[in-house]
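Architecture and fold: a report
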Amino acid sequence: MKNIIVCVKVVPKSDNIIFDPVNKRLDRTKAENQINAADKSAIETALRIRERVGGKITLLSMGPPFFEPFLKLGIAMGVDEAILLSDRNFGGADTFPTALVLATAIKKIGNVDLVLTGEESSDAGLGQVPSQIAEFLDFPQVLFASTTDISGGTLIARRSIKGGYEILESDLPAVVSVVLGAYQPRFPDFKKKKWADNNYKVKVWNGEDLQLSESVTGIKGSFTTVKRLVEIPQSSRKKIIIDGTPEEKSSKLVEILRKAK
Amino acid sequence: MTRKEIWVYIERNNSGVEDVSLEILGKGTELSNISGYILVGLIAGTPEKKLIDLVIEHGADRVALLKNEMLNEYSTDYFVNAISEYIKNDPPEVMLIGATQNGRDLAGRLAGRLKTGLTANAITLSIDREGMLLAGVPAYGGKILAEIGCEYGRPQMSTVRPGTFKMKEVKNKKGEVDEFIPNLSAIRQRVRIVERNVSEVNDLTRSERTIIGGNGTRGDLTLLKELAQLMNAEIGVTRPLADRGVAPRELQVGSTGYSLKSKIALVLGVSGSEHFTSGIRDCEEVIAIDVDEKSEIFNHCDYCMVGDIFEVLPLTIKKMEETR
Ligand SMILES: Cc1cc2nc3c(=O)[nH]c(=O)nc-3n(C[C@H](O)[C@H](O)[C@H](O)COP(=O)(O)OP(=O)(O)OC[C@H]3O[C@@H](n4cnc5c(N)ncnc54)[C@H](O)[C@@H]3O)c2cc1C
Ligand SMILES: Nc1ncnc2c1ncn2[C@@H]1O[C@H](COP(=O)(O)O)[C@@H](O)[C@H]1O
């Protein structure tokens, strides 16, 4: 194997986001961040593939400088390198320019056999970036893989489908999106984490490094815009509390279930 | 030039067509009335006439048929090529695709190829006065609905979450069929299916009574199944259980699973993450049991019971049997 790229995004833990109904804005200042959960499964997938067939794993992320420490977490999990694609002009991107920036960086890295991503990011949850990276690189794509392996220069992936599963085979190089829960991601190595925090320098590329003009990245390169943010109304459920002894509770439950018939 | 049309991708499967495609046609009829856009069903392959009729009966004013045997089974390479070639010169205003796995696979890549905007997993759709499609997407774990519009690029694309809209049959509806035969002989299919194992499944979106188990069941669904039998209910699970293989993926309820419309849903040992609760929003009555009185699930149910399912369920089953 030559280069394996894992695309990762840093996302806010959704519980910490506060919606300000007056200004219709999101307050993310109190939000803790984390590597998108499915992307961790993608890192784990890459590490397992490298154990079997070798290769060099590079984490790739487009985002602001505060992403750096999270990429170092990836280094501590065992990846070889981390590159942050960061530029003021990249801000406000929808999936199209995001995928374009990532694909351009992947071309710049060169000699890539496999691009792994998470199935979707939890903050936007669009799951479009993987197939658009594939389109811009003209690579085949396999989405929603639960297991991914390389055998004899071919990619073999399994994915769940309605009522069962299917096993797909793909030419390389390819883009594969990995489902959340595909593999339990390993913990970062404590010593490596310390080393990376102090000594590892994340490579940073900007728009100029990628030779991408302002007009195709960030807000300017996006096709979609958020027209409105609306608070989803809280559920208007009755919230009737049923208490008592287990006996009493189960009697009440039987009554409710019977009534519904 | 764009056509003043709304196109709905009709996803075929072994038994005919995915429900979500007909559901979008149902919503599409409404959008078509508002905007004056013509509603078109896009079918690929060589389907039986029955299927074409079905699409028209569910509201399509016209069927666009991409006729080629190579399109009878989904593949990214063939489908993206055939569809983009067909519409790139005069794209429709709007193109809607069901957010199934293959639907999402197709939509993302097609939007990349056509250089247009795509919104994913919409749960609301409307068209404003300027003819812009607004697709509502739950963001940030489902606390907020972001209404997204495609400013540049046509078609304005969106995928639509299955189970969100209702299908409507339109009696005596007539519609024409436009045929186009794409040439795919030069396209290489780079991803191939080497094995497929599927069994018949019940469609959870149609389940009238559903018992849903979460992590609180510790992955043991025995009691749930017993109770399900007594009340003639279907079983559903949260994502962690589906991830662990305790139950197959099509029994997963939630934002990346199915949305239920059950009359009654019994939710057992589920913490009530928004990814989950979005899937039970349309249930008529929800009952939840959880050991933790602070569980978020209690904000999403009609009857809240703090208790241990391993204590309450055996008693409930016994009483159900006795009073049958
Ligand atoms: C992109 C993305 C998509 C997702 N999509 C989905 C989705 O479609 N569907 C989905 O479900 N999740 C989804 N999730 C995951 C979701 O965020 C939650 O992690 C998940 O729903 C939690 O499942 P749970 O409630 O079963 O488990 P937990 O959060 O572990 O909750 C278990 C609950 O059981 C209770 N309990 C424990 N023991 C007992 C007992 N003996 N009796 C009674 N109660 C007990 C506990 O108090 C707790 O409230 C998604 C996440 C992401 C990031
Ligand atoms: N800004 C980004 N930087 C790196 N990877 C990303 C970025 N955005 C999305 N991805 C990757 O694409 C996957 C799907 O994201 P999305 O299409 O936004 O749901 C994620 O799981 C990541 O692997």
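From a predicted model like this one, the values you see are computed outputs, not experimental measurements. (Residues numbered from 1 in each chain as written. Chains lettered and ligands numbered in written order. Predicted model: local features only at pLDDT ≥ 70, side-chain atom pairs only at ≥ 80, totals over all residues. Heavy atoms only, no water.)

Turning to helix 6 (residues 246–259) of chain A, a few remarks are in order. Here helix 6 of chain A spans 20 Å end to end across 14 residues, near enough to the 20 Å set by a 1.5 Å rise per residue. Within helix 6 of chain A the residues assigned to the buried category are K249(A), S250(A), L253(A), V254(A), I256(A) and L257(A). Along the axis of helix 6 of chain A, the buried positions cluster into a sector of 165 degrees, meaning they face one direction only. Within helix 6 of chain A, the exposed residues directed more than 90 degrees away from the buried face are E255(A) and K259(A). Where helix 6 of chain A is buried, its residues touch helix 5 (222–230), strand 16 (264–268), strand 17 (285–290), strand 18 (303–306) and helix 8 (309–322) of chain B. (Helix = DSSP H or I, 4+ residues; strand = E, 2+ residues; numbered from the N terminus. Expected span 1.5 Å × (residues − 1). Buried < 20%, exposed > 50% of the residue type's maximum accessible area, 1.4 Å probe, protein only. Arc of directions from axis to C-beta. Contact = heavy atoms within 4.5 Å.)

Looking now at unusual backbone geometry. Cis geometry is adopted by the peptide bond preceding P173(A), which originates at L172(A) and carries an omega value of -5 degrees. Turning to its location among the elements, P173(A) is positioned in the loop between strand 12 (164–170) and strand 13 (174–178). The linkage connecting R154(B) with the following residue, P155(B), adopts the cis geometry, with an omega of 0 degrees. When you line up the elements, P155(B) lands in the loop between strand 10 (144–150) and strand 11 (156–160). Residues other than glycine seldom take positive phi values, yet N111(A) does so here, at roughly 55 degrees. Tracing the chain through its elements places N111(A) in the loop between helix 3 (95–109) and strand 8 (112–118).

Right, let's get into the side chain of T104(A). All names here are of chain A. The residue T104 is located in helix 3 in this model. T104 sits in the buried class, given a relative accessible area of 17%. Once residues within four sequence positions are removed from consideration, T104 is found in contact with L210 and L212.

Looking now at the side chain of T58(A). All names here are of chain A. In this fold, T58 is placed in strand 6 (residues 56–62). Owing to a relative accessible area of 2%, T58 belongs among the buried residues under this scheme. Ignoring anything within four residues of it in the chain, the contact list for T58 reads I4, I5, V6, E81, I83 and I109.

Residues and elements named next belong to chain A. Near ligand 2 there are 19 residues, and of these C7, D39, S121, G127 and Q128 occur at the shortest range. Between ligand 2 and N36, the relevant distance is 3.3 Å, taken from an oxygen atom to a side-chain nitrogen or oxygen of the residue. Interatomic distance of 2.4 Å between a side-chain N/O atom of D39 and an oxygen atom of ligand 2. Taking 480 Å² as the accessible area of ligand 2 by itself, protein coverage stands at 98%. Elements with a contribution of two residues or more to the shell around ligand 2: strand 6, helix 3, strand 8 and helix 4 (129–137). (Near = heavy atom within 4 Å. Polar contact = N/O pair within 3.5 Å; in protein donor to acceptor, adjacent residues only side chain to side chain. Areas by Shrake-Rupley, 256 points an atom, 1.4 Å probe, with all protein chains shown as cover.)

The geometry of helix 6 of chain A relative to helix 8 of chain B is characterised by a closest axis approach of 9 Å and an angle of 55 degrees between their N-to-C directions. One element, helix 6 of chain A, and the other, helix 8 of chain B, form an angle in the oblique class. Handedness of the helix 6 of chain A/helix 8 of chain B crossing: right-handed. On helix 8 of chain B, the residues that touch P246(A), E247(A), S250(A), S251(A), L253(A), V254(A), L257(A) and R258(A) of helix 6 of chain A are E311(B), V312(B), L315(B), T316(B), K319(B) and M320(B). Looking at side-chain class alone, the contact of helix 6 of chain A with helix 8 of chain B contains seven nonpolar, three polar and four charged residues. (Axes fitted to C-alpha atoms, helices over the stretch in contact; angles between N-to-C directions. Parallel < 35°, antiparallel > 145°, perpendicular 65-115°, else oblique. Left-handed = near helix turned anticlockwise from the far one by under 90°. Nonpolar A, V, L, I, M, F, W, Y, C, P; charged D, E, K, R; others polar.)

What follows deals with the interface of chain A and chain B. Taken together, the contact pairs 75 residues of chain A with 85 residues of chain B. Here chain A and chain B share an interface that buries about 7500 Å² over both sides, 52% of which is from carbon and sulfur atoms. In this assembly, chain A and chain B are joined by 14 salt bridges. Ionic pairing is found between D302(B) and R237(A), a salt bridge with its closest N-O pair at 3.1 Å. At the surface where chain A touches chain B, the tally comes to 50 residue pairs in polar contact (both at pLDDT 80 or more). Mapped onto the side of chain A that touches chain B, the elements with two or more residues apiece are helix 4, strand 9 (141–145), strand 11 (154–161), strand 12, strand 15 (224–231), strand 16 (240–241) and helix 6 of chain A. Counted by class, the side of chain A that touches chain B contains 33 nonpolar, 19 polar and 23 charged residues. In the sheet, strand 16 of chain A pairs with strand 18 of chain B via two bridges, with the strands oriented parallel. Directly across from I240(A), in strand 18 of chain B, lies its bridge partner Y303(B). (Buried area = accessible area lost by both parts, 1.4 Å probe. Salt bridge = Lys/Arg side-chain N within 4 Å of Asp/Glu carboxyl O. Pairing = 2+ DSSP bridges.)

Before going further, it helps to examine the site of ligand 1. Residues in close proximity to ligand 1 total 28 residues, the closest being N215(B), T238(B), T256(B), S271(B) and D290(B). Among the chains of the assembly, those with residues near ligand 1 are chains A and B. In this structure, G257(B) approaches ligand 1 through a main-chain N or O atom, which is 3.4 Å from an oxygen atom. Backbone polar atom of G269(B) to an oxygen atom of ligand 1: 3.0 Å apart, as the coordinates give it. If ligand 1 stood free it would expose 990 Å²; the protein chains cover 80% of that surface. The set of elements that each furnish at least two residues to the shell around ligand 1 consists of helix 6 (239–243), helix 7 (274–277) and helix 8 of chain B.

Residues and elements named next belong to chain B. Strand order in the open sheet formed by seven strands is 7-11-6-1-4-5-12, with parallel pairing between adjacent strands. A strand with exactly one partner marks an edge of an open sheet, and here the two such strands are strand 7 (118–122) and strand 12 (176–180). When strand polarity is set aside, the average angle formed by the axes of neighbouring strands in this sheet is 25 degrees. When strand 1 (residues 3–9) meets strand 6 (residues 92–98), the two strands line up parallel, connected through four bridges. Bridge pairing in strand 6 links W7 to M95. Against the sheet, helix 4 (residues 101–114) touches strand 1, strand 6, strand 7 and strand 11, its axis set at about 150 degrees to strand 6.

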